[in-house]
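Listed below are the residues making up each chain.
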Amino acid sequence: MTATDPVANLQTLIRCPSVTPAEGGALSALEAMLAPLGFTVDRVKASEEGTPEIENLYARLGKDGPHLMFAGHTDVVPVGDEGAWTHPPFAAEISKGELFGRGAVDMKGGIACFVAAVARHVEKNGPPNGSISFLITGDEEGPAINGTIKLLQWAAERGERWDACLVGEPTNPDRLGDMIKIGRRGSLSGKITVHGVQGHAAYPHLADNPVRGMLQLTQALMDPPFDGGTGDFQPSNLEVTTVDVGNPATNVIPAKASASFNIRFNDSWTVETLRAEILRRLDAAAGNGALRPGREPVAYDIVWADRPSHVFLTRNNALIASLSSAVESVAGQSPKLSTTGGTSDARFIKDYCPVVEFGLVGQTMHMVDERVAVADLETLTAIYETFIARWFANAGL
């Protein structure tokens, strides 16, 4: 196998069944690709009580100069019903110009292409005029506790500093070259519990139905909108994701009801101001007697989920311009600079250096028959190779 071939790289990685939290041989395969190129490779294990131990990889080529990081993950989601796959999910078979396999686009494909791009750059030009590193986790699809966060901490404690980072997540919605992610909305979750009084449904005056109170609270969370969006971000949006009573009887008023919610928020808010606004809405709704006339305010409590994600926006001309021009010159279109979508490990990296995301078309990620066009692997490799050259040329500006 030659590391300059993204198709061979990806087939090797897909054939490693690295379903979170298993390493599955994927990091060993990646190390075998990088070491011959001159990278020093460290395998870093991290653990925390109550979570599975995760093995990660950090590799660096070069010791001085501008330092470009490529970040990603080799862990993949479960395959689901293996019998529903047209081709075995870990066989990496090619059919009609497409390479099938779990992780093909999310995101072993991005890793395979960046490895090939670096190998081609080194083959043509020698080592970069600076340093390139790979920061690869095995925990992105899982709790994201023992992966990128701890690997960044481990590297920083050893003196590693980065000037920019490219995350190889599948950012393109329809065609390779559509979109670069230059930021992400924040994410905040919580769980509300409304406390009532259990009783017979025929005697509601002797009970206090928490479902009525919950309806008041959840409506207040969803209406009115939190904002109308900003110049860089779409409007913040809250969704109630579960409502649970745990009551199998139709003639019993339950004692409590709970609801979970998640809000994806823009740069109008911080986690702190958003929590304050949510509490303000809940308190106001708790005193609303529309569904509970003559009752005391709704008795509720709220528990915030750990580790909220903070909103961020990257403003770094050398990084964004180098990647945008590389995409345009290779793919023939000007990519949209976007902050849409969910969260990624870029939310951790942004605390260490400017970060953007660009990878394959993500239409089949997490699906049965996840696959990538073979032609896209070559195109993405060419984009990455062009980006590497242009970033190092612009990094000193």
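Look up a bit, the structure's there.
(A) Local environment of the packing of aromatic side chains. Overall, the coordinates contain 12 aromatic pairs when judged by the stated rule. Between Trp162 and Tyr352 the ring centres are 5.9 Å apart and the planes differ by 80°, which places this aromatic pair in the edge-to-face class. Residue Trp162 is located in the loop between α4 (148–157) and β7 (164–167), and its partner Tyr352 is located in the loop between α8 (346–349) and β18 (355–357); the two are separated by 190 residues in the primary sequence. Using a relative accessible area of 6% as the deciding quantity, one classes Trp162 as buried. When its relative accessible area of 33% is taken as the criterion, Tyr352 is described as partly exposed. Within the aromatic cluster, the residues linked to one another by ring pairs are Phe39, Phe70, Phe114, Phe134 and Tyr384.

(B) Summary view of unusual backbone geometry. The peptide bond linking Thr20 to Pro21 adopts the cis configuration, its omega dihedral lying at 10°. Following Asp106, the chain continues into Met107 via a peptide bond in cis, with omega recorded as -15°. Along the chain, Met107 turns up in the loop between β5 (98–100) and α3 (108–125). Residue Arg307 is not a glycine yet carries a positive backbone phi of 55°.

(C) The sheet that holds strand β19 (residues 371–373), seen in detail. Pairing within the open sheet is antiparallel, and its three strands lie in the order β4-β5-β19. Across the chains shown, the open sheet's two edge strands, defined by having one partner strand only, are β4 (94–95) and β19. In the sheet, β4 pairs with β5 via two bridges, with the strands oriented antiparallel. Opposite Ser95, over in β5, you have Glu98 as the bridge partner. Contacts from helix α1 (residues 6–14) reach β4, β5 and β19 within the one sheet, and its direction differs from that of β5 by about 20°.

(D) Region of interest: helix α5 (residues 210–222). Taking 1.5 Å of rise per residue, the 13 residues of α5 would be expected to cover 18 Å, and the 19 Å separating its terminal C-alpha atoms lies within 8% of that figure. For α5, every residue scored as buried is listed here: Pro210, Gly213, Met214, Gln216, Leu217, Thr218, Ala220 and Leu221. Elements that come into contact with the buried residues of α5 comprise β10 (186–195), β12 (237–244), β13 (252–253), β14 (256–265), α6 (271–286) and β15 (299–304).

(E) Quick look at the pattern of salt bridges. Across all of its chains, the model carries 16 salt bridges by this definition. Salt-bridge contacts for Glu357 lead to Arg184; the nearest nitrogen and oxygen are separated by 2.7 Å. Of this pair, Glu357 sits in strand β18 while Arg184 sits in strand β9 (residues 183–184); the two residues are 173 residues apart in sequence, bridging distant segments of the chain. Take Glu357 and Arg184: they sit in the same class, and that class is buried. We note a salt bridge from Arg281 to Glu277, for which the minimum N-O separation is 2.8 Å. Of this pair, Arg281 and Glu277 are both found in helix α6, four residues apart, which corresponds to roughly one turn of the helix. Like Glu277, Arg281 is buried.

(F) Examining the pairing of strand β3 (residues 67–73) more closely. Counting buried positions along β3 gives seven out of seven residues, so the element sits mostly inside the fold. Here β3 shows a buried face lined by His67, Met69, Ala71 and His73 and a second buried face lined by Leu68, Phe70 and Gly72. Pairing of β3 with β7, which is carried by four bridges, proceeds in the parallel orientation. Paired with Ala71 across the bridge in β7 is Val167.

(G) Molecular detail of the side chain of Ser338. With respect to the element layout, Ser338 can be found in strand β17 (residues 336–338). The exposure class assigned to Ser338 is buried, which follows from its relative accessible area of 2%. A distance of 2.8 Å separates a polar atom in the side chain of Ser338 from a polar atom in the side chain of Thr340. Non-local contacts of Ser338, meaning those with residues more than four positions away in its chain, are made with Met179, Ile180, Lys181, Ile182 and Gly183.

(H) Structural view of the nonpolar core. Formed by 60 residues in total, the largest nonpolar core has its most connected members in Phe114, Phe134 and Phe358. For this core, the element with the highest residue contribution is α3, accounting for nine residues. For Phe114, the residues in contact, after removing those within four places along its chain, are Leu68, Phe70, Ile132, Phe134, Leu166, Tyr384 and Ile388. The next biggest cluster of nonpolar side chains, apart from the first, holds 27 residues, and it includes Ile263, Leu274, Val298 and Tyr300.

(I) Structural view of a nonpolar patch on the surface. On the surface, Val211, Leu215, Val245 and Leu291 cluster together into a nonpolar patch covering about 270 Å² of accessible area. With respect to the secondary-structure elements, Val245 resides in the loop between β12 and β13. By relative accessible area, Val245 is classed as partly exposed at 34%.

Analysis parameters
- Residues numbered from 1 in each chain as written.
- Predicted model: local features only at pLDDT ≥ 70, side-chain atom pairs only at ≥ 80, totals over all residues.
- Heavy atoms only, no water.
- Phe/Tyr/Trp six-rings, centres within 6.5 Å; stacked < 30°, edge-to-face > 60°.
- Helix = DSSP H or I, 4+ residues; strand = E, 2+ residues; numbered from the N terminus.
- Buried < 20%, exposed > 50% of the residue type's maximum accessible area, 1.4 Å probe, protein only.
- Pairing = 2+ DSSP bridges.
- Contact = heavy atoms within 4.5 Å.
- Axes fitted to C-alpha atoms, helices over the stretch in contact; angles between N-to-C directions.
- Expected span 1.5 Å × (residues − 1).
- Salt bridge = Lys/Arg side-chain N within 4 Å of Asp/Glu carboxyl O.
- Polar contact = N/O pair within 3.5 Å; in protein donor to acceptor, adjacent residues only side chain to side chain.
- Core = buried A, V, L, I, M, F, W, Y, C linked by side-chain atoms within 4.5 Å.
- Patch = residues over 30% accessible without salt bridge, like charges linked within 9 Å, V, L, I, M, F, W, Y side chains within 5 Å.
- Areas by Shrake-Rupley, 256 points an atom, 1.4 Å probe, with all protein chains shown as cover.

By themselves, these are just geometric observations and shouldn't be taken as functional.
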